[in-house]
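Report on the structure
As a plain string of letters, each chain reads:
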Amino acid sequence: MKAQHLLLSAPVVANCVTLTGAFVAPTHKGPSTFQRRLATNLFKDLEEGDYDGITQQDILDGTFIGASMSVEESEAEHGMPWKDTIGSSDKEDPLLYMPFWEWQMDFMKENLTNLRVVPAKSSTSNLDFSFNENEEKKARIVNKCYASDEYRKIRMSYYDAGDNTQVFNSVWYPDPKYNLPVLGIDLLAFNRKKYLAIVDFQPLYDDEAEHASTFEHLLQPIKDEYDSLKGRMSAKFYDETQFFSQQMLFARFEDEDVVTEDLFPAFQRYVQTHVDLVSSTEADVSSVEKVMSRQQEYDTYSAERDPATGLFAAMFGKAWADEFVYDFLFSLSERAEGGLKIPPMMGGGAPGGPPVPQPPQVVSKVQGKSAQSEAVRPRP
């Protein structure tokens with residue numbers, strides 16, 4: 001995420017200090033000032049032949065105090081990686097998806113070029129999204145944003161509410177000089193009984209051939225090894241024909257062993273394959289405008305449909321959720337009139353309480369599956 005959402009001169013809103021509902025979101029529609037400025041500077045760089053994939057990051061580095069934070073400092077901020085939950089749990093591993101977070105951080109540091117921190121801040125209010133907490137409901141969220149020469153934006157979020165809810169979410173946006181799909185990761189657990197997982201190379205176009213390289217043939221052999229991850233997405237929130245590939249890993253399940261035995265190694269292999277795809281693709285600055293336009297379409301589509309917005313609004317207030325969705329999660333999206341239209345939470349849970357997942361389409365684990373020698377097992 002070479003953060004495309006931070007103003008060079010972001011106004012500070014006085015009442016944005018309290019994050020649990022007192023924050024009042026600015027009222028505006030459409031792309032932010034920074035988004036418009038980004039496009040102007042980006043295309044100016046292209047016309048002058050100066051685009052190098054770092055120009056916009058250089059602007060951001062001088063925008064906010066703390067922009068010079070190292071990756072290691074950012075990684076340890078807010079006590080991360082957490083070792084225990086803020087909520088209640090009777091599990092030995094209360095933070096179910098923390099091994100995914102830790103593995104991804106290590107992988108990024110080892111495999112990405114010029115990895116750097118992007119401030120997780122609002123473009124309209126200077127609101128810091130890096131951490132929020134609801135002490136009364138025993139829920140917290142940490143959010144990090146990074147960029148590299150290969151990716152303009154990699155955002156990571158971990159939501160912890162004890163056994164009630166565990167969520168790991170990450171989206172990797174290739175630098176626009178690479179006309180390639182977005183890598184999306186969304187892993188959820190409710191009451192440590194019902195689980196939902198999505199990992200996908202999310203295409204920018206309906207026709208795979210419009211990308212700089214085809215990719216589904218790289219994913220199919222991986223997906224074929226995990227019957228537990230071959231589910232079909234419900235049309236309740238998303239149209240799986242838009243911004244989803246035929247090789248999406250999708251699963252609703254009740255057997256937690258699927259997380260460690262199938263989901264973790266499959267997740268690792270999809271991440272590794274995506275980075276390999278970007279690294280092996282020749283940069284093409286002539287595609288930048290087209291790619292940025294499609295990434296904006298992806299963000300707008302996702303901001304309008306993300307079912308987790310109800311959870312964020314319930315726990316941290318709708319004003320905070322508005323800014324979080326439009327200026328962090330999907331920061332190129334067009335802001336809807338009046339802000340977020342909160343969709344029903346997964347399973348129809350009402351705002352104010354935890355989401356209640358739909359009855360899962362349970363898929364049993366694969367028995368006798370071949371061992372994954374290259375996949376690192378989660379840490380205890």
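Refer to the structure printed above.
To keep things clear, this report deals only with the structure shown in the data block. (Residues numbered from 1 in each chain as written. Predicted model: local features only at pLDDT ≥ 70, side-chain atom pairs only at ≥ 80, totals over all residues. Heavy atoms only, no water.)

Once that is clear, we can look at the pairing of strand E8 (residues 249-253). Summarising burial for E8: five of the five residues are buried, a large majority. Burial along E8 is two-sided: Leu249, Ala251 and Phe253 and Phe250 and Arg252, pointing in opposite directions, are all buried. Where strand E7 (residues 194-202) meets E8, five bridges bridge the pair, whose relative direction is antiparallel. The residue bridging Ala197 from the neighbouring strand is Ala251, located in E8. (Buried < 20%, exposed > 50% of the residue type's maximum accessible area, 1.4 Å probe, protein only. Helix = DSSP H or I, 4+ residues; strand = E, 2+ residues; numbered from the N terminus. Pairing = 2+ DSSP bridges.)

Across the nine residues that make up strand E3 (residues 139-147), a large majority, nine, are buried. Side-chain alternation along E3 places Ala139, Ile141, Asn143, Cys145 and Ala147 on one buried face and Arg140, Val142, Lys144 and Tyr146 on a second face that is also buried. Of the pairings in the sheet, the one linking strand E1 (residues 116-117) to E3 comprises two bridges and is antiparallel in character. From the neighbouring strand, Arg116 faces E3, where its bridge partner is Ala147. As paired strands, E3 and strand E4 (residues 151-160) are joined by seven bridges and run antiparallel to one another. If you follow Tyr146 over to E4, its bridge partner there is Ile154. Taking the residues that link successive antiparallel strands as the turn, the E3-E4 hairpin has three residues.

As a packed pair, helix H4 (residues 98-111) and helix H6 (residues 257-280) sit with axes 11 Å apart at the nearest point and diverge in direction by 25°. With respect to H6, the element H4 is oriented roughly parallel. Classified by chirality, the crossing of H6 by H4 is right-handed. On the side of H4, the interface is formed by Pro99, Phe100, Trp103, Gln104 and Phe107, while H6 contributes Val259, Leu263, Phe264, Phe267, Gln268, Val271, Gln272 and Val275. Among the residues forming the contact of H4 with H6, the class breakdown is ten nonpolar, three polar and no charged. (Axes fitted to C-alpha atoms, helices over the stretch in contact; angles between N-to-C directions. Parallel < 35°, antiparallel > 145°, perpendicular 65-115°, else oblique. Left-handed = near helix turned anticlockwise from the far one by under 90°. Contact = heavy atoms within 4.5 Å. Nonpolar A, V, L, I, M, F, W, Y, C, P; charged D, E, K, R; others polar.)

Glancing now at the environment of Asp160. Mapped onto the elements of the fold, Asp160 is located in strand E4. A residue is classified by how much of its surface remains accessible, and Asp160, at 0% relative accessible area, is buried. Distance from Asp160 to Val142, taken between C-alpha atoms, is 8.7 Å for residues 18 residues apart in sequence. Residues within four places of Asp160 in sequence aside, it is in contact with Trp82, Asp84, Thr85, Ile86, Leu95, Lys138, Ala139, Arg140, Thr165 and Gln166. In terms of polar contacts, Asp160 uses its side chain to reach the backbone amide nitrogen of Ile86, at 2.9 Å. (Polar contact = N/O pair within 3.5 Å; in protein donor to acceptor, adjacent residues only side chain to side chain.)

As a further point, take the pattern of salt bridges. With the rule as written, the count across this model stands at 16 salt bridges. A salt bridge links Lys177 to Asp175, with the shortest nitrogen-to-oxygen separation between them at 3.3 Å. Overlapping salt bridges, with partners in common, bring together Asp93, Asp163, Arg192 and Glu256 in one network. (Salt bridge = Lys/Arg side-chain N within 4 Å of Asp/Glu carboxyl O.)

A few words on the nonpolar core. In terms of nonpolar packing, the biggest core is built from 53 residues, with Tyr97, Phe168 and Trp172 touching the most fellow members. Residue contributions to this core peak at eleven residues, all from H6. Not counting the four nearest positions on each side in its chain, Phe168 is found in contact with Tyr97, Phe100, Trp101, Gln104, Met156, Ser157, Tyr158, Ile185, Asp186, Leu187 and Phe267. Counting 41 residues, the second-largest nonpolar core is a separate cluster that includes Ala120, Leu196, Ala308 and Ala321. (Core = buried A, V, L, I, M, F, W, Y, C linked by side-chain atoms within 4.5 Å.)

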